[in-house]
Amino acid sequence: DAIREAVVQGVGFEALNIEIKNHLRGWYLDTARALAEEVAAKDDGDGGVLFNIAISLFKHGDSINAFKLLERTLTFRVAKHGESHGQTAKVYNQMGNTLGVLGEHDKALQNLERALQIQLEIVGEKHADVASTYGDMGSIYGKKRDFDKALHMYEKDLEIRLATLGEKDVSTANTFNNIGNVYSAKREYDKALDMHEKALQIRLAILGEHHPETASVYNNLGIAFKNKGEYDKALQMQERALKIRLDTLGEQNPNTAMTYGNIGSIYECQGEYDKALQNSQRALNIFLANFGPQHHLTILAQKDVTSLSSRV
């Protein structure tokens, strides 16, 4: 019925697509919240179901209600297992990451530090869970723009990954990539390129060329080359990322849109405003189709298109 009405009213497919996605997302979140209330009213053992619902809400953008469920889950976990238990640490970790998304960075770090303290007591320093928590703390410090502390946390993460998993592991590659992003933020672009190149070689060896995670490294290499002013190399990296994302994710994926936007920004730096506008418009169209006009990525892309249109 919604499709028939859209045709009658002359609504474009992109607008209909946004409406259907928003309707489904709203239905999913309403169902998850209702289920959480049912579960919370019963004895949920250690809060495992509540925790899973909280993760679902978090992944679908409802971080506020996700955090409320995590607080309730924590009560179950402490009652069932005590404070110093791995399952309790998992809740503190997710609470920290959720608070980070909500912009409560200091509170996020407090929860992550508590998770880390418990993990160190139970499993010791050389464990994947500990490495992940160091990495999560690095992410929060990055959001706080405290890049030295972010780098310190990621280096601890890397040290554990290398000791327990070795260099040829996807998790190790992820950490190299994160360190590269911090060096880019610190404007130490040669160090950033070195880290991203290490991440690339690992991902190529394990995942191959045509994989979204390989595309992400090409993207980050492109950003670092652009920031260095090496626009031809930057464009080469972004074009590789674009090809992979088109092959693996498709034209209408937001990550593909990000790549179009990055290519547009390189062409803008080179003074090729026609090509810059063409790519920025593609990015805008994809963001509109996925998120609608009010999303921050759509708004930023619209500003780019408006600015470039005046220069063509």
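Being a predicted model, the structure only gives us computed values, none of them experimental.

Draft legend 1. Summary view of the packing of helix 9 (residues 170-185) against helix 11 (residues 212-228). Put simply, helix 9 and helix 11 touch, their axes get as near as 11 Å, and they point 20 degrees apart. Accordingly, the angle class assigned to the pair helix 9 and helix 11 is roughly parallel. Seen from above, helix 9 lies across helix 11 with left-handed handedness. Across the interface between the two elements, Val170, Asn174, Asn177, Asn181 and Ser184 of helix 9 pack against Glu213, Val217, Asn220 and Ala224 of helix 11. A breakdown of the residues in the contact of helix 9 with helix 11 according to their chemical character gives 3 nonpolar, 5 polar and 1 charged.

Draft legend 2. The arrangement of the pattern of salt bridges in detail. Within this structure, the stated rule accounts for 16 salt bridges. One salt bridge in this structure joins Lys144 and Asp106, with 2.8 Å as the shortest N-O distance. Within this pair, whereas Lys144 is found in the loop between helix 7 (128-143) and helix 8 (147-164), its partner Asp106 is found in helix 6 (residues 105-123), the two being separated by 38 residues in sequence. The shortest N-O distance in the salt bridge between Glu188 and Lys186 comes to 3.6 Å. Residues joined by salt bridges that share partners form a network here, namely Asp148, Lys186, Glu188 and Lys191.

Draft legend 3. Representation of the side chain of Thr172. With respect to the helices, strands and loops of the structure, Thr172 is situated in helix 9. Among residues more than four places away in sequence, those in contact with Thr172 are Leu158, Arg161, Leu162, Leu165, Gly166 and Glu167.

Draft legend 4. Spatial organisation of the nonpolar core. Grouped together as the largest cluster of nonpolar side chains are 73 residues, with contacts concentrated most on Ile179, Tyr218 and Leu221. Beyond its immediate sequence surroundings of up to four residues, Tyr218 is in contact with Leu200, Leu204, Glu209, Met237, Arg240, Ala241 and Ile244.

Draft legend 5. Structural view of the layout of surface pockets. Considered as a void within the structure, the largest pocket measures approximately 240 Å³ in volume. Lining the largest pocket are 15 residues, with Gly261, Asn262, Phe287, Ala301 and Asp304 positioned closest to its centre. For the lining of the largest pocket, the secondary-structure elements that each account for two or more residues are helix 13 (254-269), helix 14 (273-291) and helix 15 (296-309). Among the elements that line the lining of the largest pocket, the one with the most residues is helix 13, at 7 residues. The residue makeup of the lining of the largest pocket, split by class, is 8 nonpolar, 5 polar and 2 charged.

Rules behind the numbers
- Residues numbered from 1 in each chain as written.
- Predicted model: local features only at pLDDT ≥ 70, side-chain atom pairs only at ≥ 80, totals over all residues.
- Heavy atoms only, no water.
- Axes fitted to C-alpha atoms, helices over the stretch in contact; angles between N-to-C directions.
- Helix = DSSP H or I, 4+ residues; strand = E, 2+ residues; numbered from the N terminus.
- Parallel < 35°, antiparallel > 145°, perpendicular 65-115°, else oblique.
- Left-handed = near helix turned anticlockwise from the far one by under 90°.
- Contact = heavy atoms within 4.5 Å.
- Nonpolar A, V, L, I, M, F, W, Y, C, P; charged D, E, K, R; others polar.
- Salt bridge = Lys/Arg side-chain N within 4 Å of Asp/Glu carboxyl O.
- Core = buried A, V, L, I, M, F, W, Y, C linked by side-chain atoms within 4.5 Å.
- Buried < 20%, exposed > 50% of the residue type's maximum accessible area, 1.4 Å probe, protein only.
- 1 Å grid on protein atoms, 1.4 Å probe; cavity = no way out; pocket = protein on both sides within 12 Å on 5 of 7 lines; lining within 4 Å.
- Points joined across faces, edges and corners; volume = space filled by probe spheres on them.

Worth remembering: the numbers are spatial, not functional.
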